[in-house]
Amino acid sequence: MLDASTFQDNDLVNLSKENFINLKIDAESKYGQELFSQFHGSGYPLIIFLDENGLEIDRFYGYLPAYEFIMKMEGVISGKNTFTYYLDEYNKNNHTAEILKPLADKYKDKGSDDRALDLYKQLITSSNISKEDYKIAQYNIASLSLKNNQIQYMITYLENNQEDDNFENGVYDLINYYKANQMMDDELAIYIKYLPLLNQSYIFLNSYAWRMSERGQNL
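Residues numbered from 1 in each chain as written. Predicted model: local features only at pLDDT ≥ 70, side-chain atom pairs only at ≥ 80, totals over all residues. Heavy atoms only, no water.

Description of the pattern of salt bridges
(1) Moving on: Per the stated rule, a full pass over the model turns up twelve salt bridges.
(2) Moving on: When the shortest N-O distance is used, the salt bridge between Lys-101 and Asp-105 registers 2.5 Å. Of this pair, Lys-101 and Asp-105 are both found in helix α5 (residues 97-109), four residues apart, which corresponds to roughly one turn of the helix.
(3) Moving on: Taken together, the salt bridges that share partners define one network made up of Lys-179, Glu-187, Arg-211 and Glu-214. (Salt bridge = Lys/Arg side-chain N within 4 Å of Asp/Glu carboxyl O. Helix = DSSP H or I, 4+ residues; strand = E, 2+ residues; numbered from the N terminus.)

Rendered as structure tokens:
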């Protein structure tokens, strides 16, 4: 999609040529896989901006239309709204929600889960956090805590936030945690528990049916 549409935009191409050294690498190649692992990539396509010393300025994943891609590049050029910008502000003791939230998100994108978790915990205690960001921080704390084998955060989140936008994602997070740790009875219990709440989600129903088929069990 990027090659077929976004990278065909003349303004984007000119801005890119004037301000960056552009390099496209096949992430499926041996060299690409090594780089993807080195930068802790978590999805394709991965766009990374580096400075002259090879240090990461910012990154994003997935498809963006040309105008949004241009905005990303302009942010890097101006030094605004990038990972390095938010980190500099944080290091200047600017710990407002406007800095904590995007910095936590960017550390999460970088695969720095423990640092992201710490920042989300700081965010949730911020005096100027919005209701929406509070909910997002709750979910991310619960999700990232699973990687440290702390499941109670997610269990509590799912019990108390069933109307939240990230509720279904949280259910999948917990299911995948149990699956990865071969806790099949707990995994099945989560499917059964939340089936009444997610019985209109074709993704959840398909996941449940497929998993039961893998296990050779009836629904």
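Further notes follow.
Regarding the packing of aromatic side chains
(1) Moving on: The tally for this structure, following the rule as stated, stands at 13 aromatic pairs.
(2) Moving on: Pairing Phe-7 with Phe-69 gives two aromatic rings, centres 5.4 Å apart and planes at 80 degrees, and the pair type is edge-to-face. Of this pair, Phe-7 sits in the segment before α1 (10-19) while Phe-69 is found in helix α3 (residues 66-78), placing the two residues 62 residues apart along the sequence.
(3) Moving on: Using a relative accessible area of 6% as the deciding quantity, one classes Phe-69 as buried.
(4) Moving on: Note on Phe-36 and Tyr-44: the rings are 4.8 Å apart at their centroids and 45 degrees apart in plane angle, and the pair reads as tilted.
(5) Moving on: Using a relative accessible area of 48% as the deciding quantity, one classes Tyr-44 as partly exposed.
(6) Moving on: Lys-110 extends its terminal NZ or CZ atom over the ring of Phe-83, reaching a point 4.7 Å from the ring centre. (Phe/Tyr/Trp six-rings, centres within 6.5 Å; stacked < 30°, edge-to-face > 60°. Buried < 20%, exposed > 50% of the residue type's maximum accessible area, 1.4 Å probe, protein only. Lys NZ or Arg CZ within 6 Å of the ring centre and 35° of its normal.)

Focus on a nonpolar patch on the surface
(1) Moving on: Among the surface-exposed residues, Leu-23, Ile-25 and Tyr-31 lie close enough to one another that they form a single nonpolar patch of about 340 Å² accessible area.
(2) Moving on: Residue Ile-25 is classed as partly exposed on the basis of its relative accessible area of 32%. (Patch = residues over 30% accessible without salt bridge, like charges linked within 9 Å, V, L, I, M, F, W, Y side chains within 5 Å. Areas by Shrake-Rupley, 256 points an atom, 1.4 Å probe, with all protein chains shown as cover.)

A closer look at the nonpolar core
(1) Moving on: With 21 residues, the main nonpolar core has Met-154, Leu-158, Val-171, Leu-174, Ile-190, Tyr-194 and Phe-204 as its most contacted residues.
(2) Moving on: Elements that contribute at least two residues to this core include exactly α7 (131-146), α8 (152-160), α9 (167-180), α10 (184-194) and α11 (202-215).
(3) Moving on: Considering each element in turn, this core owes the most residues, seven residues, to α9.
(4) Moving on: For Met-154, the residues in contact, after removing those within four places along its chain, are Tyr-139, Ala-142, Ser-143, Leu-146, Gly-170, Asp-173 and Leu-174.
(5) Moving on: With 19 residues, the next largest nonpolar core counts Leu-87, Leu-103, Ala-116 and Ile-141 among its residues. (Core = buried A, V, L, I, M, F, W, Y, C linked by side-chain atoms within 4.5 Å. Contact = heavy atoms within 4.5 Å.)

Remarks on the packing of α8 against α9
Angle between the axes and distance between the axes: these two values describe a pair of packed helices.
(1) Moving on: It is the contact of α8 with α9, at a shortest axis distance of 10 Å, that shows an interaxial angle of 145 degrees. Relative to α9, α8 is oriented so that their crossing is left-handed. The residues of α9 that touch α8, namely those facing Met-154, Ile-155, Tyr-157 and Leu-158, are Phe-167, Gly-170, Val-171, Asp-173, Leu-174 and Tyr-178. (Axes fitted to C-alpha atoms, helices over the stretch in contact; angles between N-to-C directions. Left-handed = near helix turned anticlockwise from the far one by under 90°.)

Description of the confidence of the model for the protein chain
Low-pLDDT portions of the prediction should not be read for the details of their coordinates.
(1) Moving on: When pLDDT is averaged along the protein chain, the result is 94, and 99% of the positions lie at 70 or above.
(2) Moving on: Within the protein chain, helix α2 (residues 30-38) has the poorest average pLDDT of any element, 90, and helix α6 (residues 113-124) the best, 98. (pLDDT = per-residue confidence, 0-100.)

Observations regarding the pairing of strand β2 (residues 56-61)
(1) Moving on: The buried fraction of β2 amounts to five of the six residues, a majority that puts the element mostly inside the structure.
(2) Moving on: Relative to β2, strand β1 (residues 46-50) runs antiparallel, the two sharing five bridges. In the sheet register, Phe-49 faces β2, and the bridge partner there is Asp-58.
(3) Moving on: Where β1 folds back onto β2 in an antiparallel hairpin, the turn is made up of five residues, including Gly-54, whose phi is positive at roughly 80 degrees. (Pairing = 2+ DSSP bridges.)

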